Amino acid sequence: MSASSSISGKSHAADTATRDVVVVGAGFAGLYMLYRLRGLGLSVRVYEQGGDVGGTWYWNRYPGARCDVESMQYSYSFSDELQQEWDWSERYAPQPEILKYVNHVADRFKLRPDIQFNTRVVRASFDEADNSWQVTTSDGKAVTAKYVVLATGCLSNARMPDIKGLSDFKGSVYHTGHWPHEPVDFTGQRVGVIGTGSSAIQSVPVIAEQASHLTVFQRTANFSIPARNAALTVEEREAFRAKYPEIRRFAREQARNGIYTEMPDRGALDDGDNERRSKYESRWSRGGLTFMSVYNNLALDKAANDTAADFVRAKIAEIVSDPTTAKLLQPNNHPIGSKRICVDTDYYATFNRPNVTLVDIRSNPIEEILPNGVRAGGGDYEVDALVLATGFDAMTGSVARLDIVGRQGQTLNQKWAEGPKTYLGLMSAGFPNLFIITGPGSPSVLSNMIVSIEQHVDWIADCIATMRDRGLDTMEARRDAEDKWVAHVNEVAHGTLYPQANSWYMGANIPGKPQIFMPYIGGVGVYRQICNDVAAKGYEGFAMTAAELPQKMAASS
Ligand code: NA7
């Protein structure tokens with residue numbers, strides 16, 4: 001890296017407080033962003049609040065944690081050497097293996113020297129006189145940067161539920177999204193799990209094997225498909241690798257969700273009952289998220305969706321021996337897939353174990369946490385340990401924790417008070433040179449995150465390189481383009497069944513959070529094309545200023 005190629009024109013000795021770019025977060029997004037920016041010869045500082053790389057995979061260490069996208073696809077594609085040399089051991093990688101992989105990437109590409117761990121970015125404030133960002137960190141230091149990139153993750157702000165008495169509980173309390181780094185052994189303990197989202201669905205079967213008794217407190221039953229996880233053979237890995245160019249191309253350009261799979265060409269009601277059942281059976285046997293892509297209208301047409309939902313409800317009734325428990329486990333208040341569908345290993349069957357009890361807290365809400373248990377519906381359930389699998393302040397939560405101050409002193413939190421507003425999920429008007437990786441308004445959580453991360457990082461890196469080459473100083477989303485994009489994101493979402501569920505996609509899990517469908521549901525291929533077209537048209541919808549004309553920016557936005 002040479003000082004002469006930097007944007008700021010200042011030299012960058014290790015102890016200077018000026019960088020071309022500050023990146024917030026050293027998960028998958030932050031690491032690849034650093035790699036690309038360094039490749040451009042820019043000086044970069046990454047701040048990470050955790051003690052090491054990995055982001056969400058650094059924190060989510062709960063028993064049974066694993067990715068619900070197959071490991072051969074949930075991996076970086078930017079380096080063919082990397083994807084050819086790394087051997088995933090299972091169809092769905094367990095969290096420790098993903099963490100090992102992300103550490104390998106950090107070491108292999110020598111990324112660590114530019115990352116400062118155990119350090120939170122507290123504030124980032126745009127200096128309109130200098131067109132630069134002043135960034136303050138939790139160690140009390142300050143750094144000036146031309147650009148700030150938020151790689152803060154979509155599911156990284158774990159949410160503690162506001163339940164009376166929780167702080168008086170005498171046993172141990174764990175949150176799945178903030179699990180201790182030391183092993184937790186529940187052997188011989190009575191454990192209570194609150195929540196039945198993906199984190200609970202993965203951890204409940206594992207905890208049930210250890211605990212003397214497990215009580216699961218369910219507010220909303222969820223649809224889950226068997227993972228059919230298994231060890232990957234050498235032959236399977238090789239077959240995948242041989243097809244990588246096509247798999248990666250398809251995932252980026254054609255797939256709706258960034259996952260290589262067959263594209264359905266018909267709707268659920270185009271087939272007769274027997275044919276449909278046999279297709280669902282075959283996907284159920286194959287396992288995994290692609291259950292939902294057996295037909296092309298499951299997210300669009302309620303009658304079509306009901307056929308898939310009925311199939312899964314029937315499976316639950318087949319698996320779970322006690323009819324009352326089976327009925328409680330059958331989701332019936334949202335279309336299948338409108339909350340993120342879960343992928344499990346033996347979740348429903350776990351309720352056949354004699355040491356597992358399901359408590360319906362929809363009909364009988366939790367009244368309070370007692371020092372030694374949980375009181376719900378007038379009954380007391382004694383537990384020694386509590387596991388809160390209560391989710392995240394998704395998509396905006398980790399951004400909201402930063403005090404981001406843009407033009408004219410407006411904070412991002414003020415601007416987003418009625419819901420997040422971005423152009424393409426990449427930038428928000430009034431906050432020049434501030435990029436968000438997989439921000440609200442982009443496909444993000446509706447996709448294979450690595451595909452969406454790589455697309456955003458490449459787009460941002462190319463954009464910064466273009467600005468440098470053209471001598472441009474600032475770039476900013478125009479308000480008219482942003483308003484149009486927000487309306488488009490909303491319109492596309494409301495053409496689907498997704499808004500019918502009280503999901504974290506809608507912000508519905510956080511009391512008081514504006515209920516707006518946050519991710520872009522138009523599909524990753526379509527979205528990529530839109531972003532590429534915008535760039536090809538000279539960054540249409542963005543206002544850019546040359547270094548010597550800072551006033552023109554304010555006039556045009
Ligand atoms: P989720 O999917 O948000 O699930 C959280 C669960 O916790 C869900 O069942 C909630 O019920 C329940 N919950 C939340 N707050 C409470 C309170 N106060 N009382 C009782 N129950 C509560 O989070 P996960 O961590 O499981 O998964 C997040 C994503 O990570 C997942 O989609 C994958 O993409 C990976 P509710 O449904 O709100 O009634």
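This structure is a prediction, so every number in the text was calculated from the model and none was measured. (Residues numbered from 1 in each chain as written. Predicted model: local features only at pLDDT ≥ 70, side-chain atom pairs only at ≥ 80, totals over all residues. Heavy atoms only, no water.)

A.B. asks: What's the story with the overall build of the protein in this structure? I'm lost.
C.D. replies: Each helix and strand counted, the protein has 17 helices and 20 strands in total. Scaling as 2.2 N^0.38, a compact globule of 557 residues should have a C-alpha radius of gyration of about 24 Å, and the protein matches this with 24 Å. Overall size of the protein, expressed as C-alpha extent along the three principal axes, is 75 × 55 × 45 Å. Sequence-distant contacts, at least 24 apart, represent 71% of the contacts inside the protein between residues at least 6 apart. Total accessible area on the protein is roughly 22,200 Å²; 48% of this is exposed by carbon and sulfur atoms. One finds the centroid of the 57 positive side-chain charges in the protein at a distance of 2 Å from the centroid of its 64 negative side-chain charges. (Helix = DSSP H or I, 4+ residues; strand = E, 2+ residues; numbered from the N terminus. Rg over C-alpha atoms; globule rule 2.2 N^0.38 Å. Contact = heavy atoms within 4.5 Å. Areas by Shrake-Rupley, 256 points an atom, 1.4 Å probe, with all protein chains shown as cover. Lys, Arg positive; Asp, Glu negative; His and termini not counted. Charge placed at Lys NZ, Arg CZ, Asp CG, Glu CD.)

A.B. asks: Help me understand the environment of Ser212, please; the structure alone is not making it clear to me.
C.D. replies: Relative to the assigned elements, Ser212 resides in the loop between helix H5 (198–210) and strand S9 (213–218). Under the relative-accessibility criterion, Ser212 is labelled partly exposed at 39%. Along the chain, Ser212 and Gln189 lie 23 residues apart, while their C-alpha atoms are 5.2 Å from each other. Excluding its chain neighbours within four sequence positions, the residues that come into contact with Ser212 are Phe186, Gly188, Gln189, Arg190 and Asn355. From its side chain, Ser212 meets the backbone oxygen of Gly188 in a polar contact 3.4 Å long. (Buried < 20%, exposed > 50% of the residue type's maximum accessible area, 1.4 Å probe, protein only. Polar contact = N/O pair within 3.5 Å; in protein donor to acceptor, adjacent residues only side chain to side chain.)

A.B. asks: It is not clear to me how helix H7 (residues 244–253) should be interpreted in this structure. Could you clarify?
C.D. replies: In an α-helix, one turn spans 3.6 residues; hence positions three or four apart end up facing the same way. Those residues of H7 not exposed but buried are Tyr244, Ile247, Arg248, Phe250 and Ala251. Mapping the buried residues of H7 onto a view down its axis gives an arc of 160°, with all of them on the same face. Among the structural elements, helix H3 (80–85), helix H6 (234–242), helix H14 (449–469) and helix H16 (524–536) are those in contact with the buried residues of H7. (Arc of directions from axis to C-beta.)

A.B. asks: Hey, could you run me through the sheet that holds strand S16 (residues 385–388) in this one?
C.D. replies: Where strands meet in a sheet, backbone hydrogen bonds hold them as pairs that are either parallel or antiparallel. As summarised here, the arrangement of the 5 strands in space is S7-S16-S8-S9-S12, forming an open sheet in which the pairing is parallel. At either margin of the open sheet sits one strand with a lone partner, and together these are strand S7 (172–175) and strand S12 (356–360). Going across the sheet, the axis of each strand differs from the next one's by a mean of 20°, ignoring polarity. Across 4 bridges, the pairing between S7 and S16 is parallel. Bridge pairing in S16 links His175 to Leu388. (Pairing = 2+ DSSP bridges. Axes fitted to C-alpha atoms, helices over the stretch in contact; angles between N-to-C directions.)

A.B. asks: In this structure, what is going on with the nonpolar core? I would like to understand it.
C.D. replies: Within soluble globular proteins, side chains that are nonpolar generally end up buried alongside one another. Ranked by internal contacts, the top residues of the largest apolar core, which has 138 residues, are Phe28, Phe291, Phe435, Trp459 and Phe542. Broken down by element, the residue count for this core peaks at 11 residues, all from H14. Among the domains, domain 1 (18–157 + 394–556) and domain 2 (166–388) are the pair contributing at least three residues each to this core. If we ignore the near neighbours within four places in the chain, the residues touching Phe435 are Tyr147, Val148, Val149, Leu150, Leu426, Met427, Trp459, Ile460, Cys463, Ile464 and Met475. (Core = buried A, V, L, I, M, F, W, Y, C linked by side-chain atoms within 4.5 Å. Domains from an automatic or database assignment.)

A.B. asks: Could you clarify how one ought to interpret the packing of aromatic side chains in this entry?
C.D. replies: The way to describe two aromatic rings as a pair is by their centre distance and the angle between their planes. Scanning the model with the defined rule gives 41 aromatic pairs in all. Ring geometry for Phe240 versus Tyr244: centroids 5.7 Å apart, planes at 75°, classification edge-to-face. Looking at Phe240, the relative accessible area reads 17%, which means it is buried. By relative accessible area, which is 1% here, Tyr244 ends up buried. A network of ring pairs unites the aromatic residues Phe28, Tyr32, Tyr35, Trp57, Tyr74, Tyr76, Phe78, Trp86, Trp88, Tyr101 and Phe109 as a single cluster. The ring of Tyr58 carries the charged tip of Arg61 above its face, separated from the ring centre by 5.0 Å. (Phe/Tyr/Trp six-rings, centres within 6.5 Å; stacked < 30°, edge-to-face > 60°. Lys NZ or Arg CZ within 6 Å of the ring centre and 35° of its normal.)

A.B. asks: Just to check I follow, could you spell out the sheet that holds strand S15 (residues 379–382) for this structure?
C.D. replies: Taken together, 3 strands build an open sheet; the order of strands is S13-S14-S15 and the sheet is antiparallel. In this open sheet, the two edge strands, each paired with only one partner strand, are strand S13 (366–370) and S15. Each strand of the sheet is rotated relative to its neighbour by a mean of 20°, with strand direction disregarded.

A.B. asks: Help me out: how do you make sense of the domain arrangement of the protein in this one?
C.D. replies: How big an interface is tends to be reported as the loss of accessible area on association of its parts. Taken domain by domain, the protein consists of domain 1 (18–157 + 394–556) and domain 2 (166–388). Here the C-alpha centre of domain 2 lies 28 Å away from the C-alpha centre of domain 1. One can count 3 salt bridges joining domain 1 with domain 2. The partner of Asp87 in a salt bridge is Arg237, with the nearest N and O atoms 3.4 Å apart. At the junction of domain 1 and domain 2, the tally comes to 36 residue pairs in polar contact (both at pLDDT 80 or more). Among the residues forming the side of domain 1 that touches domain 2, the class breakdown is 21 nonpolar, 19 polar and 8 charged. (Salt bridge = Lys/Arg side-chain N within 4 Å of Asp/Glu carboxyl O. Nonpolar A, V, L, I, M, F, W, Y, C, P; charged D, E, K, R; others polar.)

A.B. asks: I would appreciate a short explanation of H5 in the present structure.
C.D. replies: The axis of H5 is deflected most strongly, by about 35°, at Val204, and proline Pro205 appears within four residues downstream. Among all positions of H5, only Ser199, Ala200, Ile201, Gln202, Ser203, Val204, Pro205, Ile207 and Ala208 are buried. (Bend = angle between axes of the 7 residues up to and from the residue.)

A.B. asks: Is there a simple way to explain the pairing of strand S20 (residues 542–546) in this structure?
C.D. replies: Look at any regular strand and the pattern is simple: side chains alternate between the two faces of the sheet. Most of S20 sits inside the fold, with 4 of its 5 residues counted as buried. Inspection of the sheet shows strand S19 (residues 472–477) paired to S20 by 5 bridges, in the antiparallel sense. When the sheet's bridge partners are listed, Leu472 is paired in S20 with Ala546.

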